[in-house]
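Structural characterization, general
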Amino acid sequence: MTGKLFVVGTGPGSPEQTTPEALAAIAASHVFFGYGPYLDRLSLRDDQRRVASDNREELARAKDALMTAASGEAVCVVSGGDPGVFAMAAAVCEAIEAGPPAWRALEVTMVPGVTAMLAVAARAGAPLGHDFCAISLSDNLKPWTVIEARLRAVAGAGLVIALYNPISKARPWQLGTAFAILREELPWTTPVIFGRAAGRPDENIRVVSLADADPATADMATCVIIGSHETRVIERPGLAPLVYSPRSIGEPK
């Protein structure tokens, strides 16, 4: 018997930002694997069951989900945001590559979602209007030296940078160090967007300069977007500013 495996992104938190495709996959599934707070966002039926696990148990969660799907169940692995952006889709692929042949025979569907940088960018204007990149500041799966090299490279290349996993209790220093590195590569007037819980009731979007960027204002629910040399801020009296990166740019300064 062969089951199905959906890997679903529910978006950054607001129910309105969960796609119809994701809702259809959720409706078609019977067993749900995910980080507890992400599973809490779902309204499950009585015939659907959840298997919650810690946020740092991605590979074990993927293996459990694959084993359950291989037994004939319709399984849904749940991520926040988009499952292919620093989330569960890569863990599922990793488990399939190293796992038994039966896992390769499963019907696996990756269902995209609205990732945090898109939700934050939409609230702020259009900071991702030209070339950009996303970097996770977590050094759980890669050394900090790699993160530092990438920050310098992309800042020097003129890319807007979206920072995921900026800070946590176990990693309190990385974001401040990242800002110090970027101040060596970018003008201190470069706009920085702190986007916390975009689309949720506790949303907080702040725009500051790189000079004034304070890592203490971020947490793990925050996506930080750092502009390029070209990114501009349109001040609007009585309204939040609009931050955008022009479609046409010149050489990095």
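Residue numbering note: each chain is counted from 1, following its sequence as written. For this predicted model, a pLDDT threshold of at least 70 governs which residues receive local features, and a threshold of 80 or more governs which side-chain atom pairs are given and counted, while totals over whole chains, interfaces and linings are taken from all residues. Note that water and hydrogens are dropped before the side-chain values are worked out from all heavy atoms of the structure.

Quick word on the overall build of the protein
Strands here mean DSSP runs of E at least two residues long; helices mean DSSP runs of H or I at least four residues long; both are numbered from the N terminus. Regarding its fold elements, the protein presents 8 helices and 13 strands. Based on C-alpha atoms, the radius of gyration is set beside the globule rule, defined as 2.2 Å times the residue count to the power 0.38. Relative to its length of 253 residues, the protein is compact, with a C-alpha radius of gyration of 20 Å against a globular reference of 18 Å. Taken over the C-alpha atoms alone, the protein extends approximately 60 × 40 × 35 Å along its principal axes. Only protein chains enter the accessibility calculation, which uses a 1.4 Å probe. A residue is then buried if its area is under 20% of the maximum for its type, exposed if over 50%, and partly exposed in between. In the protein, which comprises 253 residues, the proportion classed as buried is 45%. We call two residues in contact when some of their heavy atoms are within 4.5 Å. Excluding contacts between residues fewer than 6 apart, the proportion of contacts in the protein whose partners are at least 24 apart in sequence is 67%. Per element, the accessible surface of the protein, about 12300 Å² overall, is 55% carbon and sulfur. Between the mean site of the 23 positive side-chain charges and the mean site of the 27 negative ones, the protein shows a separation of 1 Å. Here the accessible surface of atoms and residues is derived via Shrake-Rupley with a 1.4 Å probe, and residues count as covered only by protein chains that are part of the display. Positive charges come from Lys and Arg, negative ones from Asp and Glu, while His and the chain ends are left out of the count. To locate a charge, take NZ of a lysine, CZ of an arginine, CG of an aspartate or CD of a glutamate.

Description of the pattern of salt bridges
What counts as a salt bridge is simple: a side-chain nitrogen of Lys or Arg found within 4 Å of a carboxyl oxygen of Asp or Glu. Evaluated as defined, the whole model comprises 9 salt bridges. Here Glu148 and Arg152 are joined by a salt bridge, their closest N and O atoms 3.4 Å apart. Here Glu148 and its partner Arg152 are both found in helix 7 (residues 144-156), 4 residues apart, which amounts to about one turn of the helix. For Glu148, a relative accessible area of 27% corresponds to the partly exposed category. Judged by its relative accessible area of 27%, Arg152 falls in the partly exposed class. Between Glu185 and Arg152 there is a salt bridge, with its nearest N and O atoms 3.2 Å apart.

Focus on the packing of aromatic side chains
Any pair of aromatic rings gets described here by the distance separating the centres and the angle formed by the planes. Two aromatic rings from Phe, Tyr or Trp, using only the six-membered ring of Trp, form a pair when their centres are within 6.5 Å; if the ring planes differ by under 30 degrees the pair is stacked, by over 60 it is edge-to-face, and anything between is tilted. Within this structure, the stated rule accounts for 4 aromatic pairs. Taken together, a centroid distance of 5.1 Å and an interplanar angle of 55° make the contact between Phe86 and Tyr164 tilted. Taken together, the positions of Phe86 in the loop between strand 4 (74-79) and helix 4 (88-98) and Tyr164 in strand 8 (residues 160-164) put the pair 78 residues apart, joining distant regions of the chain. Between Trp144 and Trp173, the aromatic rings sit 5.0 Å apart at their centres with planes inclined by 65°, giving edge-to-face as the arrangement. A residue pair is termed long-range when its members are at least 10 positions apart, and Trp144 in helix 7 and Trp173 in the loop between strand 8 and helix 8 (174-185) qualify at 29 residues. On the basis of relative accessible area, Trp144 is assigned to the buried category, the value being 13%. We count a charge as sitting over a ring when the NZ of a lysine or the CZ of an arginine lies within 6 Å of the ring centre and within 35 degrees of the ring normal. Positioned over the ring face of Trp188 is Arg183, at 5.9 Å from the centre of the ring.

Re the sheet that holds strand 8
Backbone-to-backbone hydrogen bonds join strands into a sheet, with any given pair of strands oriented parallel or antiparallel. Across the sheet, 5 strands lie side by side as 7-8-11-9-10; this open sheet has mixed pairing. Either end of the sheet is taken by a strand with one partner, and the two such strands are strand 7 (132-136) and strand 10 (204-209). Taking each pair of neighbouring strands and ignoring which way they run, the sheet shows an average axis angle of 20°. Of the strand pairs in this sheet, strand 9 (residues 191-196) and strand 11 (residues 222-226) are connected by 5 bridges, and their pairing is antiparallel. Among the inter-strand pairings, Ile193 is bridged to a residue of strand 11, identified as Ile225. Contacting strand 7, strand 8, strand 9, strand 10 and strand 11, helix 6 (residues 116-124) crosses the sheet at an angle of about 65° to strand 11. When DSSP finds at least two bridges between two strands, those strands are taken to pair. Axes, fitted as lines to C-alpha atoms, cover a helix only where it is in contact. Angles between the N-to-C directions of the axes lie from 0 to 180 degrees.

Quick word on the pairing of strand 1 (residues 4-9)
Across the 6 residues that make up strand 1, a large majority, 5, are buried. Sheet analysis places strand 1 next to strand 4, joined by 6 bridges and oriented parallel. By the bridge assignment for strand 4, Val7 is matched with Val77. Looking at chain direction, strand 1 and strand 5 (residues 107-111) are connected through 5 bridges and run parallel. Bridged to Val7 within strand 5 is Met110.

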